[in-house]
Amino acid sequence: MPPGGRYSWAVETDRGPAPLADMRVLDLSRHVAGPYCTKLLADFGADVTKVEPPDGDPARRYSPGGPTAPGEESPLFLHLNTSKRSVTLNLNHKRGQGLLARLLARSDALVHDYAPAEAARLGVSSDALCQRFPRLVVAAITSFGLTGPERDRPASDLLLFARSAVARMYGDRRRTPLKQYGFQAQYLAGLTAATGVMLALRWRRFNGRGQVIDVSILEAMLQLHEDALARHSYFGEERDRAYNRRPGQYPHGFFPCADGHVAIAAVMPQQWDGLALLMGRDDWRADPSLQTAEVRDARAAQLDAPLRAWLRQNTRAKLTEAAQELRTAVTPVLSPAGALKHPQLAARGYFDETRHPRAGKLRYAGLPFRLGGFEPRRRPAPALGEDNDEVYQGLLAIPDAEMRRLRAEGAL
Amino acid sequence: MMTRPLTGVRVLDLTRVWAGPLATQVLADFGAEVIKVEPPLAAVPQGEDAPGRRGPYFNQYNRNKLGVIIDLAQARGRELLLRLAASADVVAENFTPRVMPNLGLSYDALASANPRIVMLSMPGLGLTGPQRDYVTWGVNIEGLSGIGALTGYEDEGPLTGGMSYGDPVAGLHAALAVLMALEWREATGRGCHIDLSQLESLIPFLGEALLACQMGADLRPMGNRHPMMAPHGVYRCGGDDEWIAIAVRTDEEWIRLCQALGEQEWCADAGLRTADGRLGRQREIETRLEKHTRARGSVELERKLLTAGVPAQRLNRVGDLFQDPQLRARGAFVRVEANGEGFFPFRGIPLRLSASPGRIARPAPLPGEHSDYVFGELLGMSPGERAELERAGIISEAASAS
């Protein structure tokens, strides 16, 4: 392969190259936020090289069911690193730094997740990189951002749910506030950063210069507050956690039924009418005082018991079908296994069946959106350092003897 | 003049409520000219966010946009939209899939007016498939995706909170999709139709769970616990509804926690020195930990634990965010004038680009506020023509006339 040439699995479509076919990204990030950012770019055709420390991205050892067993693949890593290649590089080694610079010279964008103090220690402080590589776009995804008094404070998804007040939205008023499942804060920040990379590269097209994208996970989370921030600002209103229902509107939330739960949003008059019609409650339909979701919420104590009793006699499928006939927003609450079998997702060919050499054939979450007729051909997540030869010898043209020395010295 | 990343990009925005307006807000924040096309006032529900008043919800998600009123239910209104589409780069909508084709505004119709147009459609379940016409709100998307079933207290059913989580996730993916489509257009010379199913955009946020369940894991809600760290939770403090989150990531942090709380017995307990040992005795640890936290104020305890090197965070309320020292130092809130009602702090632009930052140039538009620019300048309509369309109820220049 010629230096700078296209890699073997770069996606082609019947409309020519993939949407991001011209983009080269170097990814120093670990865990979830940065890898989700570069996954979005890679799945749409960008050429992403994941640079891992010699012991690998810690996500390789994480599973939602507990630590991965020896020899077992991490579902988190498999999910987040499709369509990327992996090289190992020891940034604490002086020759590691030289290799990093050579890789950066061939990249359009760098994504990393080091807080400022750590970034400076590893030679990836944003300002220094921008000076040295004026066309490079540097996206730094950190808990609190690159500036401000708490820029180096440790955090985690849980702590960021606490800090951002999003944990105040979930749970029972009398019990512990909750975070949502998984790594929502990090996914959200990764998504925000991908948008930043696209914006910065577009700007570079006209202005010729790279820049720094500073994404604070905490600030990304503020995007979840719907109107709570604005309402506090206008009216001083404080939001409290909601336990399976939306405050101020009824019915809106998850409700138990005969075989699980359904999600109901019967907020608009037509939807409420549909629900009351299905329940055979002509009195509710006729009652003018029940026509707004706000009033119904105030009278929820009276409405809730009959609604729940009726739901318990019906299955998710039956409720969904009957309500949707009347254009009322009722749908089943599914487990991930249920989502994998959902007929709408199946009909759209959403899940992407990919064979991984060790994990075998699995169905992966598909693309979050479809661009025209673009169909990706995704490569499964790479093994640690799987592409060292291709990148260091192919792209950087490092001779065999030097490769042996770099390995022996622990630079890779 | 300093250009923005999206200077020169024109977006016709037919979206409503949260997901769609958030998507176009991102574009507007970075310099796109977003023209919000609203239906006549009579067709819009009244209330706090009614068009004439422009309450917090509308103002939060429509800053930096221009506003006109066009009745797309009428043929001449649709003609106006197609004329605007001829000079636009993007048309964004979040109706159910049958609405735009029924209006004669399908992607094919728009593309024949302008082959370079990018059309963003973002229905709940996508543009195709047997359930494409299902009515879904954010809470439905949360339930269908599987995330609701994994969120909640241990040993309980699924949990949703007070917000429509599907909406912001879809909206932010939609902004990215538009940027990718514009990038693709540079290479192909053509626009494309973006089919964003809100459900399909949320599922990647739990993609690891999908794979884990195929690999044999039995996943259930685990409260605030973590599969590999303990203790990892939110604990009650002294005071009214005060809480602290503590995440012990390493064995070293565990010892620091024990020392900070003066827990000699825990320090000495060899069984608790490893994550495995602590994971096996979580209930016991949590019960005793909460005795410590209840005896202290959340602010004082957070300071004490941080000083000791234990990751801890008091639970903020929404109002606390406006006073948060880190957010203030970074200017995360911006005071924006809300249409004559005074200046209010709004969430700023979370994406910080050093050389081409976003900016908040104007508050959300009043209904029809930018009729002169859109109808007069862009479409070159005469005052007489505009007056005739106003009389016929095709357009409304409500605010610009007053």
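Residues numbered from 1 in each chain as written. Chains lettered and ligands numbered in written order. Predicted model: local features only at pLDDT ≥ 70, side-chain atom pairs only at ≥ 80, totals over all residues.

(A) Main features of the pairing of strand β2 (residues 33–38) of chain B. All names here are of chain B. In terms of burial, β2 is largely enclosed, as six of its six residues are buried. Residue alternation in β2 divides its side chains into two sets, Glu33, Ile35 and Val37 and Val34, Lys36 and Glu38, and both sets are buried. For strand β1 (residues 10–13) and β2, the ladder comprises four bridges, and the chain directions are parallel. Directly across from Val11, in β2, lies its bridge partner Val34. Regarding topology, helix α1 (residues 19–29) serves as the crossover connection from β1 to the parallel β2, and that connection is right-handed. (Buried ≥ 20, exposed ≤ 12 C-beta atoms within 10 Å, placed from the backbone. Helix = DSSP H or I, 4+ residues; strand = E, 2+ residues; numbered from the N terminus. Pairing = 2+ DSSP bridges. Right-handed = clockwise from strand over helix to strand, strands pointing away.)

(B) Looking closely at the interface of chain B and chain A. Between chain B and chain A, the contact holds 113 residues from the first and 122 residues from the second. The element best represented in the side of chain B that touches chain A is helix α8 (residues 166–188) of chain B, accounting for 14 residues. Here the side of chain B that touches chain A is composed, by residue class, of 66 nonpolar, 35 polar and 12 charged. The pairing of strand β8 (residues 211–216) of chain A with strand β12 (residues 351–353) of chain B spans three bridges and is classified as antiparallel. Bridge assignment links A:Asp214 to a residue of β12(B), and that residue is B:Arg352. (Contact = placed C-beta atoms within 7 Å. Nonpolar A, V, L, I, M, F, W, Y, C, P; charged D, E, K, R; others polar.)

(C) Representation of the nonpolar core within the structure. Formed by 247 residues in total, the largest nonpolar core has its most connected members in A:Leu41, A:Ala139, A:Ile213, B:Leu120 and B:Val178. If near-sequence neighbours (up to four positions away) are discounted, B:Val178 is found in contact with B:Leu27, B:Val90, B:Val118, B:Leu120 and B:Ile194. (Core = buried A, V, L, I, M, F, W, Y, C linked by C-beta atoms within 7 Å.)

(D) Here's a closer look at the domain arrangement of chain A. Structurally, chain A comprises domain 1 (12–223 + 350–409) and domain 2 (252–334). Measuring from the centre of the C-alpha atoms in domain 1 of chain A to the corresponding centre in domain 2 of chain A gives 43 Å. (Domains from an automatic or database assignment.)

(E) How the structure looks around unusual backbone geometry. With an omega of -10°, the peptide bond between A:Tyr250 and A:Pro251 qualifies as cis. Within the element layout of this structure, A:Pro251 appears in the loop between α9 (228–235) and β9 (252–257). The backbone of A:Ser83 shows a phi angle near 65°, a positive value even though the residue is not glycine. Along the chain, the position of A:Ser83 falls in the loop between α2 (75–80) and β5 (84–88). According to the C-beta neighbour criterion, A:Ser83 is buried, with 26 such atoms within 10 Å. Phi angles above zero are rare outside glycine, and B:Asp241 is one such case at about 55°.

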